[in-house]
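Summary of structural features
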Amino acid sequence: QLQLVESGGGLVQPGGSLRLSCAASGFSVDSFAIGWFRQAPGKEREGVSCFSSGGLRTNYVDSVKGRFTISRDAAKNTVYLQMNSLKPEDTAVYYCATVPRFEIYCSFSKSFYNAWGQGTQVTVSS
């Protein structure tokens, strides 16, 4: 019954901000590694940010460093991706994913994860 549900996407102007949410059920966001991915039209799904189990490590793809922040709220069992200074290149469907085991590291490899949410659309446009 492990489940991830993304929300918070929408249309925003360049330079604007959005906060994506990934609500988890069937596991604790404080226990498993979690990753955020995105897939733009005509492109492969790519890793954006991730937590290792317990948040011991966090990683960001170079294109979002300094603009995006991954965080979690254990009480709400939810992981967030705060996106600031958004660019048109950030337009994509954003997905969260997890692997239900303890991991020292997180990964931007899709094969690392075995449970995915349905995605939420982010469009950055004037």
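Described in the following lines is the structure provided in the data block.

Describing the state of the cysteines
- Under the definition given, this model contains two disulfides.
- Between cysteine 22 and cysteine 96 runs a disulfide, and the two sulfur atoms are separated by 2.0 Å. Residues cysteine 22 and cysteine 96 are joined by a disulfide whose S-S torsion is about 75°; by sign, that bridge is right-handed. Residue cysteine 22 is located in strand 3 (residues 18–25), and its partner cysteine 96 is located in strand 9 (residues 92–99); the two are separated by 74 residues in the primary sequence.
- The exposure class assigned to cysteine 96 is buried, which follows from its relative accessible area of 0%.
- Disulfide pairing places cysteine 50 opposite cysteine 106 at an S-S distance of 2.0 Å.

With respect to the pairing of strand 11 (residues 120–124)
- Burial of strand 11 is one-sided: the residues Thr120, Val122 and Val124 facing one way are buried, the residues Gln121 and Thr123 facing the other way are not.
- Looking at chain direction, strand 2 (residues 10–12) and strand 11 are connected through three bridges and run parallel. Across the sheet, leucine 11 pairs through a bridge with threonine 123, a residue of strand 11.
- In terms of strand pairing, strand 9 meets strand 11 through three bridges, oriented antiparallel. For valine 93, the partnering residue across the bridge sits in strand 11 and is glutamine 121.

How each quantity is defined
- Residues numbered from 1 in each chain as written.
- Predicted model: local features only at pLDDT ≥ 70, side-chain atom pairs only at ≥ 80, totals over all residues.
- Heavy atoms only, no water.
- Disulfide = S-S within 2.5 Å.
- Helix = DSSP H or I, 4+ residues; strand = E, 2+ residues; numbered from the N terminus.
- Buried < 20%, exposed > 50% of the residue type's maximum accessible area, 1.4 Å probe, protein only.
- Pairing = 2+ DSSP bridges.

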